[in-house]
Amino acid sequence: MEFDSLLAALPGKKRAIYVFERGKTGRHPHALLHDDVVRVRENLRIWGVKAGTRVGIYAPNSYHWLVHDLALIELGAISVPFTDDFVGKVNQALLDKYNIALLLIAKRDARLFPQKPAHVAFLDAQNEDIRAQERPPGGDADEADQHSLVFSSGSAGGLKGLVISRKGVEATLPPIFEALDVTPNDRLMLFLPMSNFQQRNLCYAALWYDFDIIITDFTQLFAAMTALNPTILVAPPVLYQMLHTEYQKYPSWKKTLWSFLSTLLALVPAAPFRQSLARFLFRDFYKQFGGSIRLLATGMAPIRRNLGKFFGRLQLPLCESYGMVEAGSLTFRPPGAKEFGSVGKPLRGVTLSFTPDNEIIVSRDTPMTLRYFQCADGENERTFIAPGRIATGDMGRLDADGNLFLLGRKKELLITPGGLKVHPETIEQELNNSPDVVHSVVFLKPHATHLTCVVDLVPPGDENARRRVTEFANRLPAAKKAAQFVEVIFAQAPFTTDNGMLRPNMKIDRKAIAARYL
């Protein structure tokens, strides 16, 4: 992919961007997107935006978001999207901190700047007398290759700032979409915030490879799917866990019948015919995806083994990729692969190696990120260890066939009083196989000889479920090996982004959960 030719190629494209906002659908052909980007590009130029200018974006998903992002790329400006981590913090002090010359916001957020200064513009409404602030030049040696400054939150809390490489995006996007085998007839669903860089990457791919993409937000996801019929859904594991949890509420007779039918379906030799039959037999489940879904994909965190098997039985293959913003997508487990628990094999151009303590080291010619611009002391040096070499902070192993299995985060490793090293994620993965568990988070209290696990239960107040989970947790092989017993604490409310137990990217926030329940 080449950004220099992306806009120029749009008039010859055949597919479109679909949007679902406030219950209404809209269609914007790729060919006409070109004119909108050119118009916005000229507005930005008049406002004083040029190569190297930092432009902040704080707005919900929309067609306008994408148009302005592409216009900034055309100008060589550096976009700085502010994530939901900045709710209540978007003000002049924030713009000064990050050297923002112009801020683009949605009309709905006009209250953030009641005086409407000249350097704040609406991306979805008319503007007058806009002018970017004069800012001192950044002076970074790598500024010519800076595509965007993005923020990423991890499960351990904290907010890192990453400098995305223009060349890195161009180099790392093709291998994963080659592996996905997306065709011009596909329509991909996008619903996570576009401030998450992976979502913008999906948009670039849709324009470059010329397939449809649907833009909405999480609150309208299911309405958008039934209205616009995506063929591919890319979502974090928590969404697929929610769908499986809803299935568990089906009557016992129905689940038994479906299990029998799925066994018979597996005997049908042709995959397209199997899926057509499944679409009819399991229509109560399929209908929530619309009428055309053929592939589910995830990659924000490891997926549970039982989820992969579940969706496979329903002929809705759930493929998986492992990656990180620092390096891009790294591995891929294709639809139909049975190595559940694995995140697949390395993509083209990716080489994996391991330190003596099993930390995964990535080598690729052009990683997606140049460096951190905001991080803990020493983290830049620990992560970007050499040109083209990145320490992931994840621990893993390769099997004999080259499939990667993740063991856990290096910084989350627990060491018992007896000196035993325990990966909490390994125990969590086992515990999450219980149909009563939505999320589980394992801790080791100081000087304790037992493990403590906070469980997000479904349904939250079911006493029988509490008993089953407590017994199940204390029977787990990984838990029995690590400690005398497992103390189970049941969350008082489901983990959500609203209560802070999930980060805006829908990953668990270990620090917040520990602060709340320990």
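Residues numbered from 1 in each chain as written. Predicted model: local features only at pLDDT ≥ 70, side-chain atom pairs only at ≥ 80, totals over all residues. Heavy atoms only, no water.

## Focus on the overall build of the chain
Reasoning step 1: The helix and strand tally for the chain stands at 17 helices and 26 strands.
Reasoning step 2: With 518 residues in all, the chain has 54% of them scored as buried.
Reasoning step 3: Taking all contacts inside the chain whose residues are at least 6 apart in sequence as the whole, residues at least 24 apart take part in 64%.
Reasoning step 4: Total accessible area on the chain is roughly 22,500 Å²; 54% of this is exposed by carbon and sulfur atoms.
Reasoning step 5: The distance from the centre of the 61 positive side-chain charges to the centre of the 53 negative ones in the chain is 5 Å. (Helix = DSSP H or I, 4+ residues; strand = E, 2+ residues; numbered from the N terminus. Buried < 20%, exposed > 50% of the residue type's maximum accessible area, 1.4 Å probe, protein only. Contact = heavy atoms within 4.5 Å. Areas by Shrake-Rupley, 256 points an atom, 1.4 Å probe, with all protein chains shown as cover. Lys, Arg positive; Asp, Glu negative; His and termini not counted. Charge placed at Lys NZ, Arg CZ, Asp CG, Glu CD.)

## Things to note about the pattern of salt bridges
Reasoning step 1: Using the criterion set out here, one finds 30 salt bridges in the structure.
Reasoning step 2: Of the charged contacts, one joins E42 and R45 as a salt bridge, the two residues approaching to 3.1 Å between their closest N and O atoms. Taken as a pair, E42 and R45 lie in helix α2 (residues 30-46) at a separation of three residues, close to a single helical turn.
Reasoning step 3: What emerges from the salt-bridge pattern is a single network uniting R41, E42, R45 and E74. (Salt bridge = Lys/Arg side-chain N within 4 Å of Asp/Glu carboxyl O.)

## Focus: helix α9 (residues 252-265)
Reasoning step 1: A rise of 1.5 Å per residue sets the reference length of α9, with its 14 residues, at 20 Å; its end C-alpha atoms lie 20 Å apart and thus fit the reference within 8%.
Reasoning step 2: Buried residues in α9 make contact with α8 (237-248), α10 (271-281), α11 (283-286) and α12 (305-313). (Expected span 1.5 Å × (residues − 1).)

## Some words on the packing of aromatic side chains
Reasoning step 1: The tally for this structure, following the rule as stated, stands at 23 aromatic pairs.
Reasoning step 2: Considering the side-chain rings of F3 and Y204, the 5.2 Å spacing of their centres and the 90° angle between planes classify their relative orientation as edge-to-face. Linking F3 in helix α1 (residues 3-9) with Y204 in helix α6 (residues 197-209), this pair joins segments that are 201 residues apart in sequence. Of the two residues examined, F3 and Y204, each falls in the buried class.
Reasoning step 3: Summarising the aromatic geometry, the rings of F285 and F310 are spaced 5.6 Å apart at their centres and angled 85° between planes, so their arrangement reads as edge-to-face. Highlighted residues: F285 in helix α11 and F310 in helix α12, separated in sequence by 25 residues. (Phe/Tyr/Trp six-rings, centres within 6.5 Å; stacked < 30°, edge-to-face > 60°.)

## Details of the nonpolar core
Reasoning step 1: Core analysis: the largest hydrophobic core is formed by 79 residues, its most contacted members being I17, L33, L44, L70, L102, F177 and Y204.
Reasoning step 2: When residues no more than four places from it in sequence are discounted, the contact partners of F177 are V182, L188, L202, A205, Y209 and F211.
Reasoning step 3: In this structure, M189, L192, I214 and L233 belong to the second largest nonpolar core, which totals 38 residues. (Core = buried A, V, L, I, M, F, W, Y, C linked by side-chain atoms within 4.5 Å.)

## What about the packing of helix α3 (residues 63-75) against α6?
Reasoning step 1: At a minimum axis separation of 12 Å, α3 and α6 run at an interaxial angle of 80°. Viewed along their axes, α3 and α6 adopt a mutual orientation that is roughly perpendicular. Between α3 and α6, the contacting residues are W65, L66, D69, L70 and I73 on the first element and R200, C203, Y204 and L207 on the second.
Reasoning step 2: When grouped by side-chain class, the residues that make up the contact of α3 with α6 number seven nonpolar, no polar and two charged. (Axes fitted to C-alpha atoms, helices over the stretch in contact; angles between N-to-C directions. Parallel < 35°, antiparallel > 145°, perpendicular 65-115°, else oblique. Nonpolar A, V, L, I, M, F, W, Y, C, P; charged D, E, K, R; others polar.)

## Side note on the side chain of K13
Reasoning step 1: With respect to the secondary-structure elements, K13 resides in the loop between α1 and β1 (16-21).
Reasoning step 2: Buried and without a salt bridge, K13 has D210 as its closest oppositely charged side chain, separated by 5.5 Å.
Reasoning step 3: Within the structure, the side chain of K13 is placed 3.0 Å from the backbone oxygen of W208, a separation counted as a polar contact.
Reasoning step 4: Leaving out residues up to four positions away in the same chain, K13 has contacts with H30, A31, L207, W208 and D210. (Polar contact = N/O pair within 3.5 Å; in protein donor to acceptor, adjacent residues only side chain to side chain.)

## A look at the sheet that holds strand β15 (residues 345-346)
Reasoning step 1: Taken in spatial order, the nine strands line up as β2-β1-β10-β9-β11-β12-β13-β14-β15 in an open sheet, and their pairing is mixed. Only two strands of the sheet have a single partner each, and these edge strands are β2 (24-29) and β15.
Reasoning step 2: Judged from the three bridges that link them, strand β12 (residues 295-298) and strand β13 (residues 318-324) form a sheet pairing that is parallel. When the bridges of β13 are listed, A297 appears paired with C319.
Reasoning step 3: Sheet strands touched by α2: β1 and β2. Its angle to β2, the strand with the most contacts, is close to 85°. (Pairing = 2+ DSSP bridges.)

## Digging into the environment of R111
Reasoning step 1: Tracing the backbone through its elements, the reader meets R111 in the loop between β5 (102-105) and β6 (120-122).
Reasoning step 2: Within polar-contact distance, the side chain of R111 engages the backbone oxygen of R108 at 3.0 Å.

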